[in-house]
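Topology and contacts: notes
If you want the building blocks of each chain, they are given just below.
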Amino acid sequence: MKPSQEDKAALPVDEVYHTALETYFDVHRKSLENPEEFWNEHANIVEWYRKWDTVLDSSNPPFYRWFKNGRINLSYNCLDRNIKNHRRNKAAYIWIGEDGSEKIVTYHGLLKRVNSLASALKNLGIKKGDRIIIYLPMIIEAPVAMLAAARIGATFSFVFGGYGAGALSERINDSGAKLVITADGSYRGGKIVELKKVVDEALQSTSSVENTIVVKRTDSPVEMVEGRDMWYHELIRGGNVFVEPESMDSNDPLFILYTSGTTGKPKGVVHSNGGYAVWVANTLKWAFDPKEDDRWWCAADIGWVTGHSYIVFAPLLLGLTSILYEGSIVYPAPDRMWEIIDHYGINLLYTSPTAIRTLMKYGDAYTKNHDLSSLRVLGSVGEPINPSAWQWYYRNIGGGKCPIIDTYWQTETGGFVISPSAGLGLPPLKPGSGTFPMPGIDPVILDRNGKEVKPGEKGYFVIRKPWPGMFLTLHNDPERFRSTYFEKYNGGYYAGDYAIRDEDGYFWLLGRADEVLNVSGHRLGTIEIENALVSSSEIAEAAVFGRPDPVRGEVIVAFVVIKDGFSTDQEMGNRIKKRIRDSLGPIYVPQEIHFVRNLPKTRSGKIMRRVVKAVALNQLPGDISTLENSVSVDEVKDAIDTFSRETGTEGRKGAVPE
Ligand code: WT7
């Protein structure tokens, strides 16, 4: 998406509410001029057992260490700290089941639950530094498990419930986890997903896991392996327990979150305790300006970084009341979100462009029956928000009075990087632009050779200086950490995204610059999908890319070469899809599978994915001087043309006009 003249027209947000923008620029300038002083002050947003010796240790770049020798515990900060004040009986979470059930958990109640589980984990022999996998749906036990791990210093790795057994076992193996916390099943769109079965399958190809803890949610039949599997509710029956929070070094790992990269192997992004906490709490405050009595709804899944940072840690650190909604936003009807906002009087809503576009599709009637006037600030995350979705969100949901906080960030950054700061001074908004950097962020847009591009020119988004929320390393792979992110631009952080900075200094994030797809705001590696495809005995070769999609941002398109002797019919396509669903998970299933006899390759035999994509989407294929077999290009064309004839789809007219 490129900003057109019309998109750039500033909106009259003055009529919304207005804080002088000078405050924002002043704070941002100070944060870069004197980071020591700035973070010395802002690190006090959390409580430390021991204050740091040095704000930032840059002695071993890119392994920056924030708040060196500081000691902290995040479970203490999220819970114990809040029950000592007026928030003791305040709701930490209002949990809403997909079936309409409701559970209100206060800060005090949450601490009780966390203590019970923390104690059970300790009794199972889980110690500081041990890794545990959390594979849970959107139920209260999800934040409880994260906080219990944080309390005893175990490093948790949350695996999103939409991942399949192959993806799960890969994460278990890479992290060397000793324990898995899961549920019998989860509710999604009125159906049950049987999570424990996926765990059982994953554990067949892992050896580190000693125990699993199973939450009963759906009453689905499960097989419990004697001595290995335990019911959550039986384990925590211990009554009143208190577990002393472990004093963690600021730079001890808090969690590992796997995300896709440009190779087949997911990257284990490791986040810290101290810097991460300081970052998520401050960024939520700056960007959304939450008030004590607000109800905050971050509608992401807790299994993604958005959920980690802005359903669990930041809102609890700030003592807010959060909505935790279990199910699908279109179940039982497309007004589920609006109904929840109306019923619970939500003030701050944070969701994704995909969700907005999905709901937009159903028309305005669904929003009209609900009172959305409690909303004050709206947020967006996951991908660039296209201007028409922005406008719909602004007018129909926000009633033209709520600023849209378009937050650009990544798993690696821990929290917001580019975003309007409603708490510091709201700039006139431009639909599709995240506006300006968060305090502490020093971004620049560079060309291939590391030269800064001119205003309005597209380039690579780079952050020049370290910031407290940055990840510590990649689990088990510090070299990949260094080479993927810090080698290209002279030690600066390379995010892998394209961006433009316009004449007014606004940042526009334009999407991935590497072979990573963004499907409904989920980051998926093309090579992971290709690897899963070619591991099928029928498939010889595969090329995967993203086709722009008006609702989901991108959808997955796969071109495959089937081995001799196998059919290339619909049944084969379905079989392949099922296999991907079972191994990687439903989000990875290609929307289109095309069978060809050859794929475009270089003379050295490398598949030219870029050429397949360009041909399939009717774009210019770029440099094809190294192409070995030009006949394969016609095959790709034919396959797409046949497909669009048979399915009535747009075929090679790939680009989606805004
Ligand atoms: C990638 C990060 C950040 C939490 C959810 C995704 C894209 C994210 C925006 C935005 C434009 C965005 C980028 C980024 N992205 N937010 N507001 N505007 N692009 O986390 O899975 O680590 O993906 O999502 O391409 O690199 P993630």
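Structure shown above.
Since we're looking at a predicted model, the values are computed, not measured.

About the criteria used
- Residues numbered from 1 in each chain as written.
- Predicted model: local features only at pLDDT ≥ 70, side-chain atom pairs only at ≥ 80, totals over all residues.
- Heavy atoms only, no water.
- Helix = DSSP H or I, 4+ residues; strand = E, 2+ residues; numbered from the N terminus.
- Rg over C-alpha atoms; globule rule 2.2 N^0.38 Å.
- Buried < 20%, exposed > 50% of the residue type's maximum accessible area, 1.4 Å probe, protein only.
- Contact = heavy atoms within 4.5 Å.
- Areas by Shrake-Rupley, 256 points an atom, 1.4 Å probe, with all protein chains shown as cover.
- Pairing = 2+ DSSP bridges.
- Axes fitted to C-alpha atoms, helices over the stretch in contact; angles between N-to-C directions.
- Near = heavy atom within 4 Å.
- Polar contact = N/O pair within 3.5 Å; in protein donor to acceptor, adjacent residues only side chain to side chain.
- Nonpolar A, V, L, I, M, F, W, Y, C, P; charged D, E, K, R; others polar.
- Phe/Tyr/Trp six-rings, centres within 6.5 Å; stacked < 30°, edge-to-face > 60°.
- Lys, Arg positive; Asp, Glu negative; His and termini not counted.
- Salt bridge = Lys/Arg side-chain N within 4 Å of Asp/Glu carboxyl O.
- Core = buried A, V, L, I, M, F, W, Y, C linked by side-chain atoms within 4.5 Å.
- Disulfide = S-S within 2.5 Å.

Let us now look at the overall build of the chain. In terms of regular secondary structure, the chain is built from 20 helices and 30 strands. Here the chain has a C-alpha radius of gyration of 24 Å; the compact-globule value for 658 residues is 26 Å, and the two agree. Based on the C-alpha atoms only, the size of the chain along its principal axes is roughly 70 × 65 × 60 Å. For the chain, with 658 residues in total, the buried portion stands at 61%. Taking as baseline every contact in the chain between residues at least 6 positions apart, the subset at least 24 positions apart corresponds to 71%. For the chain, the exposed area adds up to about 25100 Å²; of that, 48% sits on carbon and sulfur atoms.

Let us look at the sheet that holds strand S29 (residues 553-562). The mixed open sheet is built from three strands, whose spatial order is S28-S29-S30. Where the open sheet ends on each side, the last strands, each with one partner, are strand S28 (539-549) and strand S30 (592-596). The mean angle between the axes of side-by-side strands here comes to 25°, regardless of whether they run parallel or antiparallel. In this sheet, S29 lies alongside S28 in antiparallel orientation, the contact comprising 10 bridges.

Most of helix H19 (residues 609-616) sits inside the fold, with six of its eight residues counted as buried. Inspection of H19 places Arg609, Val611, Val612, Ala614, Val615 and Ala616 among the buried residues, and these make up the whole buried set. Packing partners of the buried residues in H19 comprise helix H17 (526-534), S28, S29 and helix H20 (631-647). Of the residues one or two after H19, Asn618 is the one with positive phi, at around 60°.

Here we come to the site of the ligand. By nearness alone, 17 residues border the ligand, and Asp406, Thr407, Thr411, Asp497 and Arg523 come closest of all. The side chain of Thr411 places a nitrogen or oxygen atom 2.6 Å from an oxygen atom of the ligand. In the complex, the protein chains occlude 96% of the 560 Å² of accessible area that the ligand would expose alone. Residue assignment for the shell around the ligand shows that the elements contributing at least two residues are helix H11 (305-317), strand S20 (404-407) and strand S25 (507-512). Taken together, the residues of the shell around the ligand break down into six nonpolar, six polar and five charged.

Applying the stated criterion across every chain, the model contains 52 aromatic pairs. Ring centres of Trp48 and Phe67 lie 5.5 Å apart, and the angle between their planes is 55°; this geometry places the pair in the tilted category. With Trp48 in the loop between helix H3 (35-42) and strand S1 (54-57) and Phe67 in strand S2 (residues 65-68), this pair connects stretches of sequence that are 19 residues apart. Ring geometry for Phe255 against Tyr276: centres 5.2 Å apart, planes inclined by 85°, an arrangement best described as edge-to-face. Linking Phe255 in strand S14 (residues 253-259) with Tyr276 in helix H10 (residues 274-288), this pair joins segments that are 21 residues apart in sequence. In this structure Phe255 comes out as buried when scored by relative accessible area, which is 0%.

Read from one edge of the open sheet, four strands run S21-S22-S24-S25, paired in antiparallel fashion. Strands at the two margins of the open sheet, each flanked by one partner only, are strand S21 (443-446) and S25. Strand-to-strand twist in this sheet, taken as the mean axis angle between neighbours without regard to direction, amounts to 45°. Sheet topology places strand S24 (residues 493-501) next to S25; five bridges connect them, and they run antiparallel.

Residue placement: Asp184 occurs in the loop between strand S8 (179-183) and strand S9 (186-188). Look at Asp184: it is buried, it has no salt bridge, and the nearest opposite charge is Lys216 at 5.6 Å. Polar contacts involving the side chain of Asp184 include one to the main-chain amide nitrogen of Asp219, which spans 2.7 Å.

Below, the discussion takes up the pattern of salt bridges. The tally for this structure, following the rule as stated, stands at 44 salt bridges. With a closest N to O distance of 3.0 Å, Arg357 and Glu383 form a salt bridge. One end of the pair, Arg357, is in helix H13 (residues 353-361); the other, Glu383, is in the loop between strand S19 (377-381) and helix H15 (387-397), and 26 residues separate them in sequence. Each member of the pair, Arg357 together with Glu383, is buried.

Our focus in this paragraph is the environment of Arg357. On the accessibility criterion, Arg357 (8% relative accessible area) is buried. Separated by 175 residues in the primary sequence, Arg357 and Thr182 place their C-alpha atoms 31 Å from one another. The contacts of Arg357, once residues within four sequence positions are left out, are Glu383, Pro384, Asn386, Ala389, Pro550, Val551, Arg552 and Gly553. Engagement of the side chain of Arg357 in a polar contact is seen with the side chain of Glu383, the distance being 3.0 Å.

Regular strands show a simple pattern: their side chains alternate between the two faces of the sheet. Taken across its six residues, S25 has six buried, putting it largely inside the fold. The hairpin turn running from S24 into S25, its antiparallel successor, is five residues long, and Gly505 in that turn takes a positive phi close to 85°.

With that settled, the discussion passes to the nonpolar core. Ranked by internal contacts, the top residues of the largest apolar core, which has 160 residues, are Leu110, Leu121, Leu136, Tyr310, Phe313, Phe461 and Leu533. Tallying contributions element by element places H10 first for this core, with 10 residues. Sequence-distant contacts of Phe461, defined by excluding residues within four places in its chain, comprise Tyr408, Val417, Ile418, Pro443, Val444, Tyr493, Tyr494, Ala495, Asp497, Ala499, Phe507 and Leu509. Membership of the second largest hydrophobic core comes to 30 residues, among which are Ala91, Trp392, Tyr393 and Tyr394.

When you line up the elements, Glu528 lands in helix H17. Spatially, the C-alpha atoms of Glu528 and Glu541 are 13 Å apart, while their sequence positions differ by 13 residues. With sequence-adjacent residues up to four places away left out, Glu528 is seen in contact with Ser260, Thr263, Gly264, Pro266, Leu584 and Tyr588. Reaching out from Glu528, the side chain makes a polar contact with the side chain of Tyr588 at a distance of 3.1 Å.

Moving on: the state of the cysteines. Summed over all chains, the structure comprises zero disulfides. With no disulfide of its own, Cys78 lies closest to Cys298 among cysteine sulfurs, the gap being 15 Å.

Worth remembering: the numbers are spatial, not functional.
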